[in-house]
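So you can see what is in the structure, the chains are spelled out below.
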Amino acid sequence: LDSWLAQVVEEAIEPSLPIVDCAHHLWEASVPPSPLETWQATWKGARSPTNDRFLPPDYRRHIAESGHNVIASVIMDSAPPQFPSGLPKHMEPVEAMRWCNELAEQSAAEEPSFRLGAAIIGNIDFLGLGAASSEVLRAHLAAAPERFRGVRVNLHGVSLLRPAPPGVPEIEDP
């Protein structure tokens, strides 16, 4: 990740301007990355075979080196080192939420002036879970009651022309 970030170094235009980083990721891999993750690493510095972790100290270091006055951040699409055995697949995003919340609490204790994870965005497979997605939503709220702010729905490879699964309301065209 360091070599990817070092490709372009720009001076901060307004170094005193307070900034909230509205989307960043944390990860700590205990399994090899997928072929997709390896491919993504070539264009956006994501997780790769040589880049298996990016945690709060890494994030704070990169922010400090940037020269920008980042005062808070929003965490999304993050990956904990592992999921508890027996955890249902649809609840994995909740474990990621819990993990991010723990990291944000630890970061607040270490550096109170910087609000890493002031908000956390989770994931729910609305299309796959249908009405059962409400269980995941409630679990997100329980996992990070002070930081959970919403969900991001990734629709990679999903045709929006098909009807929604039972229990999921149709999205109306404005």
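Preceding this paragraph is the structure being described.
Computed from a prediction, not measured in an experiment: that's the story for all the values here. Residue numbering note: each chain is counted from 1, following its sequence as written. Only residues with pLDDT of at least 70 get local features here, since the model is predicted, and only at 80 or more are side-chain atom pairs given and counted; chain-wide, interface and lining totals rely on the full set of residues. In computing side-chain properties, one takes all heavy atoms of the structure into account and sets aside hydrogens as well as water.

Undergrad: Help me out: how do you make sense of the overall build of the chain in this one?
TA: Along the chain, the regular secondary structure elements total six helices and six strands. Numbering of helices and strands starts at the N terminus; helices are DSSP runs of H or I of at least 4 residues and strands are runs of E of at least 2. For the chain, the α and β elements follow one another from N to C terminus as α-β-β-α-β-α-β-α-β-α-α-β. Scored against the burial criterion, the 174 residues of the chain give a buried share of 36%. Exposure was quantified through the Shrake-Rupley algorithm and a 1.4 Å probe, taking into account, for residues, occlusion by the shown protein chains and nothing else. Of the roughly 11,000 Å² of accessible surface on the chain, a fraction of 58% belongs to carbon and sulfur atoms. Throughout, exposure labels follow a simple rule: accessible area from a 1.4 Å probe, protein chains only, divided by the maximum for the residue type, with under 20% read as buried, over 50% as exposed, and the rest as partly exposed.

Undergrad: Can you walk me through the side chain of His 140 in this structure?
TA: Note that His 140 resides in helix α6 (residues 133-143). Judged by its relative accessible area of 0%, His 140 falls in the buried class.

Undergrad: Is there a simple way to explain the pattern of salt bridges in this structure?
TA: A pair can form between side chains of opposite charge whenever their charged atoms are brought close. Here, a salt bridge means any side-chain nitrogen of Lys or Arg that lies within 4 Å of a carboxyl oxygen of Asp or Glu. Applying the stated criterion to the full structure yields eight salt bridges. Across the pair Glu 95 and Arg 98 runs a salt bridge whose closest N-O atoms are separated by 2.7 Å. Of this pair, Glu 95 and Arg 98 both sit in helix α4 (residues 92-110), three residues apart, which is roughly one turn of the helix. Across the pair Glu 105 and Arg 147 runs a salt bridge whose closest N-O atoms are separated by 4.0 Å.

Undergrad: Teacher, can you tell me more about unusual backbone geometry here?
TA: Residues other than glycine predominantly adopt negative phi, and peptide bonds predominantly adopt the trans conformation. The phi dihedral of Asp 77 falls on the positive side, at around 45 degrees, and the residue is not glycine. Following the sequence through the fold, Asp 77 ends up in the loop between β4 (69-76) and α4.

Undergrad: Which parts of the structure should I look at to understand the packing of aromatic side chains?
TA: How two aromatic rings sit relative to each other is given by the distance of their centres and the angle of their planes. Any pair of Phe, Tyr and Trp rings, taking the six-membered ring for Trp, is counted once the centres come within 6.5 Å. Such a pair is stacked with planes under 30 degrees apart, edge-to-face with planes over 60 apart, and tilted for the rest. Under the counting rule described, the total for this entry stands at three aromatic pairs. Look at Phe 54 and Tyr 59: their rings are 6.4 Å apart centre to centre, the planes differ by 85 degrees, and that puts the pair in the edge-to-face class. On the basis of relative accessible area, Tyr 59 is assigned to the buried category, the value being 4%.

Undergrad: Would you explain helix α3 (residues 56-66) in this entry?
TA: Residues spaced three or four apart along an α-helix point in a common direction, a consequence of the helix completing one turn every 3.6 residues. Three or more residues of α3 are buried, namely Pro 56, Tyr 59, Arg 60, His 62 and Ile 63. The arc enclosing the buried residues of α3, seen along the axis, measures out at 160 degrees, which places them on a common side. Facing away from the buried side of α3 by over 90 degrees, the exposed positions are Ala 64 and Glu 65. Among the residues trailing α3, Gly 67 stands out with phi positive, at a value near 85 degrees. An arc is given here, and it is the one of the directions from the helix axis to the C-beta atoms.

Undergrad: Could you clarify how one ought to interpret the nonpolar core in this entry?
TA: As a rule of thumb, nonpolar side chains are buried together in soluble globular proteins. Within this scheme, the nonpolar core is defined by two criteria: the residues are buried Ala, Val, Leu, Ile, Met, Phe, Trp, Tyr or Cys, and they are joined through side-chain atoms within 4.5 Å. Of all hydrophobic cores here, the largest spans 23 residues; its most connected members are Leu 26, Tyr 59, Ile 75, Val 94, Met 97, Trp 99 and Leu 116. Contributions of two or more residues to this core are made by α3, β4, α4, β5 (115-123) and α6. No other element matches the five residues that α4 contributes to this core. Pairs of residues are marked as contacts when any of their non-hydrogen atoms sit within 4.5 Å. In this structure, Leu 26 is in contact with Phe 54, Leu 55, Pro 56, Ile 75, Ser 78, Ala 79, Trp 99, Leu 103 and Leu 116, ignoring residues within four places of it in sequence.

Undergrad: Quick question: what am I supposed to make of the environment of Leu 26 here?
TA: Positionally, Leu 26 belongs in the loop between β1 (18-24) and β2 (27-28). When the C-alpha atoms of Leu 26 and Ser 78 are compared, they prove to be 4.9 Å apart, with 52 residues separating the residues in sequence.

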